[in-house]
Amino acid sequence: MGNQLITFLLPAYNETENILPIFDAICNQMQGSDYSFELLFIDDGSQDETLSAIRSLAINYKFVKYVSFSRNFGKEAAIYAGLQHAKGDAVILMDVDLQHPPSLIHELIEGYKEGNHQVVAKRNREGDSKLRTFLSTTFYRFMNQSVNVKLIDGEGDFRLLSRKAVEALLRLSEGNRFSKGLYEWIGMRKKTISYENVARENGKSKWSIGQLLNYGIDGLVSFNTKPLRLCFYAGAIIMSLSLLYILYSFISILQFGIDVPGYFTLISAILFLGGLQLFCLGILGEYIGRIYNETKKRPHYLIDDTNIMRSEGERERRIYHES
Ligand code: UDP
Ligand code: MG
């Protein structure tokens, strides 16, 4: 297994004070390893000193690579860019905020040696806020009932991917990426190891509750068309119930004549049906929006600066920023 290369894929958004610690931690862990390694930082359009911190590392260590985006494109885009630019025989995805304990690197690599294509580090939810834990567990419960790939709570981006798994993920080039689902979608031999949740030390999490909610909807919609089907059934059931009700009222009108106080039933029917229609339109809109985005075939990200040169042709396609 000697002479294999491991790429550490490190998406970073406003993480100035974490760049050096993660660099040190990884180097420490890899000391004496029979694998060579590279660090691939993806600077996701940080507004602070993240990029200069990475650059000064890259000047001193040639195994430090970076790709810097022209603006913040989000972690999913950063991961995609990282997978595209990684040269390793295996890629280890890690957050730079040290919430993914570097001490697990050995176990991840062991799993790879055993012939797994994905080695996943799974965390518990110790120390997360109650609201967040509740939202997440509900999300997973709901997701797994409606989606055709199985998602596991606590299994995130912290994982090792073999070259084969990386190539598979790159073939899924959709614009609305939902990595958690994609990892499951590709399948392949997988091993899971567990670790205790770690709280973030420097900086703060970039996820607000609203963003998490959006992320949840993305996951739900990008992995199935069942919500559309749900619309269909709900519509059908409500339509037949209303038909029954109309028939019933009609017969009772024939028998007893019209009575005035029909206001309550009328207004509730209008409100309920109106709500249902809006809801279904919303679901349709989600899908149409996605179709719209996919048909534009926009790139996932734009590169502003990088120290990776793959081929001359590629160089020309990149937007360079002289500095
Ligand atoms: N990140 C990124 N782009 C973003 C948001 C986050 O590349 O738009 C990176 C961030 O720098 C970190 C990782 O993704 O390395 C996880 O982010 P964060 O710690 O904010 O998420 P959490 O751990 O709270 O899920
Ligand atoms: Mg974090």
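Here, every reference points to the structure presented above.
### Things to note about helix α5 (residues 130-146)
The first and last C-alpha atoms of α5 sit 24 Å apart over 17 residues, in line with the 24 Å expected at 1.5 Å per residue. For α5, the set of buried residues is Ser136, Phe139, Tyr140, Met143 and Ser146. Buried residues of α5, viewed axially, fall in a sector of 140 degrees; they line one side. Across α5 from its buried face, at more than 90 degrees, point the exposed residues Lys130, Phe134, Arg141 and Gln145. Each element contacted by the buried residues of α5 is listed here: α7 (179-186), α8 (209-223) and α9 (226-256).

### Let's talk about the coordination of the magnesium ion (ligand 2)
Looking at the magnesium ion (ligand 2), one finds its protein donor set to be Asp97 (OD) and Gln99 (OE1), positioned 1.8 to 1.9 Å from the metal centre. Taking relative accessible area as the criterion, Asp97 reaches 4% and is therefore assigned buried.

### Some words on the packing of helix α6 (residues 163-171) against α7
In contact at an axis separation of 10 Å, α6 and α7 are set at 120 degrees when each is read in the N-to-C sense. By the angle between their directions, the pair α6 and α7 is classed as oblique. When the axes of α6 and α7 are compared, the crossing they make is right-handed. Across the interface between the two elements, Ala165, Ala168 and Leu169 from α6 touch Leu182, Tyr183 and Ile186 from α7.

### With respect to the site of ligand 1
Close to ligand 1 lie 17 residues; Glu15, Asp44, Asp97, Arg200 and Ser205 are nearest. Between ligand 1 and Asn72 there is a distance of 3.1 Å, counted from an oxygen atom to a side-chain nitrogen or oxygen. When ligand 1 is considered free in solution it has 530 Å² of accessible area, and contact with the protein chains removes 88% of it. Here the shell around ligand 1 is composed, by residue class, of five nonpolar, four polar and eight charged.

### Looking at unusual backbone geometry
Although it is not a glycine, Asn14 sits at a positive phi angle of roughly 50 degrees. For Asn14, the position within the fold is in the loop between β1 (5-12) and α1 (16-30). Notably, Leu98 is not glycine yet its phi reads approximately 65 degrees, a positive angle. Turning to its location among the elements, Leu98 is positioned in the loop between β4 (90-93) and α4 (105-113). According to the relative accessible area criterion, Leu98 is partly exposed, its value standing at 24%.

The rules behind each value
- Residues numbered from 1 in each chain as written.
- Chains lettered and ligands numbered in written order.
- Predicted model: local features only at pLDDT ≥ 70, side-chain atom pairs only at ≥ 80, totals over all residues.
- Heavy atoms only, no water.
- Helix = DSSP H or I, 4+ residues; strand = E, 2+ residues; numbered from the N terminus.
- Expected span 1.5 Å × (residues − 1).
- Buried < 20%, exposed > 50% of the residue type's maximum accessible area, 1.4 Å probe, protein only.
- Arc of directions from axis to C-beta.
- Contact = heavy atoms within 4.5 Å.
- Donors = N, O, S within 2.8 Å, 3.2 Å for Na, K, Ca; no water.
- Axes fitted to C-alpha atoms, helices over the stretch in contact; angles between N-to-C directions.
- Parallel < 35°, antiparallel > 145°, perpendicular 65-115°, else oblique.
- Left-handed = near helix turned anticlockwise from the far one by under 90°.
- Near = heavy atom within 4 Å.
- Polar contact = N/O pair within 3.5 Å; in protein donor to acceptor, adjacent residues only side chain to side chain.
- Areas by Shrake-Rupley, 256 points an atom, 1.4 Å probe, with all protein chains shown as cover.
- Nonpolar A, V, L, I, M, F, W, Y, C, P; charged D, E, K, R; others polar.

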